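In case you want the letters, here they are:
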Amino acid sequence: LMNMGELQEAKPLLEEVLRGSRETLGDHHPNTLGSINDMAGLLMNMGELQEAKPLLEEVLRGSRETLGDHHPNTLGSINDMAGLLMN
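Computed from a prediction, not measured in an experiment: that's the story for all the values here.

1. Some thoughts on the nonpolar core
Item 1. Among the nonpolar cores identified, the biggest contains 17 residues, and Ile36, Met39, Ala40, Leu42, Leu43, Leu55 and Leu56 are the most heavily contacted of them.
Item 2. Elements that contribute at least two residues to this core include exactly helix H1 (7-25), helix H2 (30-45), helix H3 (49-67) and helix H4 (72-86).
Item 3. If you tally residues by element for this core, the top one is H2, at six residues.

2. Notes on H2
Item 1. With 16 residues, H2 extends 22 Å between its outermost C-alpha atoms, agreeing within 8% with the 22 Å of an ideal straight helix rising 1.5 Å per residue.
Item 2. Two residues or fewer after H2 comes Gly47, characterised by a positive phi angle close to 85 degrees.

3. Some words on the packing of H3 against H4
Item 1. At their nearest, the axes of H3 and H4 sit 9 Å apart, and the two run at 160 degrees to each other. On the basis of the axis angle, H3 is roughly antiparallel to H4. Crossing geometry of H3 relative to H4 is assigned as left-handed. On H4, the residues touching Leu49, Ala52, Lys53, Leu56, Glu57, Val59, Leu60, Ser63, Arg64 and Leu67 of H3 are Asn73, Thr74, Ser77, Ile78, Asp80, Met81, Leu84 and Leu85.
Item 2. Grouping the constituent residues of the contact of H3 with H4 by class yields 10 nonpolar, four polar and four charged.

4. Structural notes on the environment of Glu48
Item 1. With respect to the helices and strands, the residue Glu48 is situated in the loop between H2 and H3.
Item 2. Contacts of Glu48, omitting those with residues within four sequence positions, involve Lys11 and Leu43.

5. What to know about the packing of H2 against H3
Item 1. At a closest axis distance of 8 Å, the pairing of H2 and H3 adopts a crossing angle of 160 degrees. Relative to H3, the element H2 is oriented roughly antiparallel. For the crossing formed where H2 meets H3, the hand is left-handed. Every residue of H3 that contacts H2 at Pro30, Leu33, Ile36, Asn37, Met39, Ala40, Leu43 and Met44 is listed here: Leu49, Glu51, Ala52, Leu55, Leu56, Glu58, Val59, Gly62, Ser63 and Leu67.
Item 2. In the contact of H2 with H3, the residues fall into 13 nonpolar, three polar and two charged.

What counts and what doesn't
- Residues numbered from 1 in each chain as written.
- Predicted model: local features only at pLDDT ≥ 70, side-chain atom pairs only at ≥ 80, totals over all residues.
- Heavy atoms only, no water.
- Core = buried A, V, L, I, M, F, W, Y, C linked by side-chain atoms within 4.5 Å.
- Buried < 20%, exposed > 50% of the residue type's maximum accessible area, 1.4 Å probe, protein only.
- Helix = DSSP H or I, 4+ residues; strand = E, 2+ residues; numbered from the N terminus.
- Expected span 1.5 Å × (residues − 1).
- Axes fitted to C-alpha atoms, helices over the stretch in contact; angles between N-to-C directions.
- Parallel < 35°, antiparallel > 145°, perpendicular 65-115°, else oblique.
- Left-handed = near helix turned anticlockwise from the far one by under 90°.
- Contact = heavy atoms within 4.5 Å.
- Nonpolar A, V, L, I, M, F, W, Y, C, P; charged D, E, K, R; others polar.

Here you go:
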């Protein structure tokens, strides 16, 4: 739906996935961090940068703690945060 431009329709679905991931896997599981990152990406695409920032901060913090500073996912999170800050 995000690729189709149906951002409003995608948002409750991503919220459901994120809620389920947090409850089932925990906040720092790589799949949960991916779901948080997806929600942040949706918010950025919707122009809601201030709402996306704390989510990207959470992903970066969780990736550093769980995967380490040099893991590809952590590096991707750093890149995502830099992209947000450049906007």
